[in-house]
Amino acid sequence: MTAIPLKAIPLEPIPVETGPVQTVAPRSTRTAARGPIPLSRIVSVELRKSFDTRSGFWLLASIAIASLLATAGVVIWAARDQLTYSTFTLAIGFPMAVILPVIAILSVTAEWTQRSGLTTFTLVPHRGRVVFAKAIVAISIAIASMLVAFAIGALGNLVAAALAGRDAVWDQGVATLAAIVLANVLIVLLGFMLGVLIRNSTAAIVAYFVYAFVAPPLLELLAANQAWFHDLHAWVDPNVTQQLLFHGPLVGQQWVQLAVTTAAWLVAPLLLGLWTLQRSEVK
Amino acid sequence: MIRVESVTKRYGRLTAVDDATFTAEPGRVTGFLGPNGAGKSTTLRILVGLTPATAGTATVVGRRFADLPNPGLEVGVLLDASAQHAGRTGREILTLAQKIMGVPASRVEEMLDLVSLTPTEAGRRVRNYSLGMRQRLGIAAALLGQPEALILDEPANGLDPAGIRWMRDLLRDYADRGATVLLSSHLLHEIEVIADDLVVIGNGRIVAKGTKAQLLQSAGTLVRTTDLGALGGALTAAGVTFSPSGATGHDDALRVEADPELVGQLAHGAGAALVELRPAEGAGLEDLFLELTADTQREGAAA
């Protein structure tokens, strides 16, 4: 058989002719009235997205459930005559530190892990606005959750006092409660930062648990045994001052330590994460 | 109007899209055809701003996608019907898009109706959807804002023949009302059915573009013979150009740049018995496409 050159007849690209001009574009009259999408609308849609799936709904519900369980646990098991309001707020604080950051992480990472970002970032082609809206939602959920938790704790305090036959002891003022809210907002933003930086649900959640529950005791140990690290500890580990916030407002130098550790462990990586997020491809 | 001008996208040394230029006109359905991995999806992603181009510009309705104040009202986009949170219901996904665009809530039910998703189906979570249902939902989301342009990546994937027919009628009707429709496919026959204009991409380069009629019009003669050697010799002797063709699905076919009468006479003179002799309508496009796919095809028709 004769060898036949494969490309004997190259198919020339045929120039596109301009098609017949169609004048009627659908609804072109409405074009003029179209303004940009307001941030408030993005925020409300992002809020809706945080509870319109089963997992999202139950995560939010678990905040109230965990607060109730923690409060009930305190009423049942703690020595009733020594119960004060701070016992309740501290008991509720722990489940909050687990659930709230996870909500913040998933709100960001789901766009990548579930690939819904393909739609989200085409309907709003400015990722910064979407991420900003998600941050507003995460912080709002954190504050609202804490208010609910405080109310449930207050109820527990009243019940415990009634059962013990004495007056309830309110040993925490507004300043302390505000400090606790601030601590939770910082924790939520930390989770949010990990979501923005890592953009993978599992990895970001693991990273948060390492940060919040694995690293602190190890650093504690180091500080207890190594003199050189002892004084440095509060300047390096953000958990030190954050934990203090759960007991009330900081004093003097502690605020500086909080600012330094927050800048290093929250603001800097968040900026890096936002920069990479703007450039990453949503596959 | 959708316009892609000299768009190039490189990933390190790999050039995914190489200086691509084409337009999709209002009132017409433009098919973006190419084998898997040819650069179709990358080009469409660049069009909607999800992937930054290395060079070149892409505009939709006269503007860069990112400059559209409310893109959903101007351009309907469906890039991957499966890219949705599996835990949301179909109706919820449309509702989220409806709220972001700021169109009336009634549009959600209208669109569900248009794509024939029943209320029960719309209330189910997307993880339980078939690919065909996801495509329908994606089309519904793309049409929600009554956009004047549509960008759809492989929308016919997962649709049954009736579904493809439905999509053809829907897109045809939409284009007839003045909209610009750009859709991609890796199947020539699928896109032949739907498109008015074709843009063919292979290895990141635009290799052919034009109206379907132009690209499919008669390009020489298609001939099959039991004696390729003799016929090839006679054609060469007569100074007629030809090339092997896979368009018939057999490996004994040639595409000849001459009319059937001359080819018949030459074959007769050479004593080559013919199996088939006809004008090569569309065979040029088919061959071009087969050539493009040959690299990626694992099981070639011509073994």
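Fair warning: this is a prediction, and the values are worked out from it, not measured in the lab.

A. Spotlight on the overall build of chain B. Across its full length, chain B holds 11 helices and 13 strands. For chain B, the spread of C-alpha atoms along the principal axes amounts to about 75 × 40 × 35 Å. The buried share of chain B, taken over its 303 residues, is 52%. Put simply, of all contacts in chain B between residues at least 6 apart along the chain, 72% involve residues at least 24 apart.

B. Here's a closer look at the nonpolar core. Within the largest apolar cluster, 137 residues are counted, with the highest numbers of intra-cluster contacts made by L47, A140 and I151 of chain B. No other element matches helix α3 (residues 85-113) of chain A, which puts 14 residues into this core. Two domains share this core, each providing at least three of its residues, namely domain 1 (2-210) and domain 2 (221-294) of chain B. Grouped together as the second largest cluster of nonpolar side chains are 15 residues, L222, V263, A267 and A280 of chain B included.

C. Just the confidence of the model for chain A, in detail. Summary statistics for chain A give a mean pLDDT of 86 and a share of 88% for residues scoring 70 or more. With pLDDT under 50 throughout, residues 28-33 of chain A is counted as low confidence; its partners more than four residues away or in other chains account for 1 contact.

D. Structural detail: the sheet that holds strand β4 (residues 55-60) of chain B. Residue and element names in this part refer to chain B. Overall, antiparallel pairing links the 3 strands, which are arranged β2-β1-β4 in an open sheet. Two strands bound the open sheet, and with one partner strand each, they are β2 (14-24) and β4. Strand-to-strand, the axes of this sheet are offset by a mean angle of 20°, without reference to chain direction. Summarising the sheet, strand β1 (residues 2-11) and β4 pair through 5 bridges and their orientation is antiparallel. Bridge pairing in β4 links I2 to V60. Its contacts with the sheet place helix α1 (residues 40-47) against β1, β2 and β4, and it is angled at close to 115° to β1.

E. Up close: the packing of helix α2 (residues 54-77) of chain A against helix α5 (residues 127-164) of chain A. Residues and elements named next belong to chain A. Contact geometry of α2 with α5 gives a least axis separation of 9 Å together with a crossing angle of 25°. In terms of orientation, α2 and α5 fall into the roughly parallel class. Between α2 and α5 lies a crossing whose hand is right-handed. Contacts from I63, A64, S67, L68, T71, V74 and V75 of α2 reach α5 at S145, V148, A149, I152, G153, G156, V159 and A160. The residue makeup of the contact of α2 with α5, split by class, is 10 nonpolar, 5 polar and no charged.

F. Representation of the confidence of the model for chain B in the model. Predicted confidence across chain B gives a mean pLDDT of 89, with 94% of residues reaching 70 or more. Confidence drops under a pLDDT of 50 for residues 297-303 of chain B, and excluding neighbours within four residues, the segment shows 5 contacts in the predicted structure.

G. Representation of the domain arrangement of chain B in the model. Residues and elements named next belong to chain B. Looking at chain B, the domain boundaries give domain 1 (2-210) and domain 2 (221-294). Relative placement of domain 1 and domain 2: their C-alpha centres are 38 Å apart. With 8 residues of domain 1 in contact, the opposing surface of domain 2 contributes 5 residues. Elements that contribute at least two residues to the side of domain 1 that touches domain 2 include exactly β8 (197-202) and β9 (205-211). Grouping the constituent residues of the side of domain 1 that touches domain 2 by class yields 6 nonpolar, 2 polar and no charged.

H. Structural view of the sheet that holds strand β13 (residues 274-279) of chain B. All names here are of chain B. The sheet built from 4 strands is open, its strands ordered β11-β12-β10-β13 with antiparallel pairing. Edge positions in the sheet fall to β11 (242-244) and β13, since each has one partner strand and no second. On average, adjacent strands in this sheet sit at an angle of 20° to one another, irrespective of strand direction. Along the sheet, helix α10 (residues 260-270) makes contact with β10 (221-225), β12 (253-256) and β13, crossing β13 at roughly 160°.

Calculation criteria
- Residues numbered from 1 in each chain as written.
- Chains lettered and ligands numbered in written order.
- Predicted model: local features only at pLDDT ≥ 70, side-chain atom pairs only at ≥ 80, totals over all residues.
- Helix = DSSP H or I, 4+ residues; strand = E, 2+ residues; numbered from the N terminus.
- Buried ≥ 20, exposed ≤ 12 C-beta atoms within 10 Å, placed from the backbone.
- Contact = placed C-beta atoms within 7 Å.
- Core = buried A, V, L, I, M, F, W, Y, C linked by C-beta atoms within 7 Å.
- Domains from an automatic or database assignment.
- pLDDT = per-residue confidence, 0-100.
- Pairing = 2+ DSSP bridges.
- Axes fitted to C-alpha atoms, helices over the stretch in contact; angles between N-to-C directions.
- Parallel < 35°, antiparallel > 145°, perpendicular 65-115°, else oblique.
- Left-handed = near helix turned anticlockwise from the far one by under 90°.
- Nonpolar A, V, L, I, M, F, W, Y, C, P; charged D, E, K, R; others polar.

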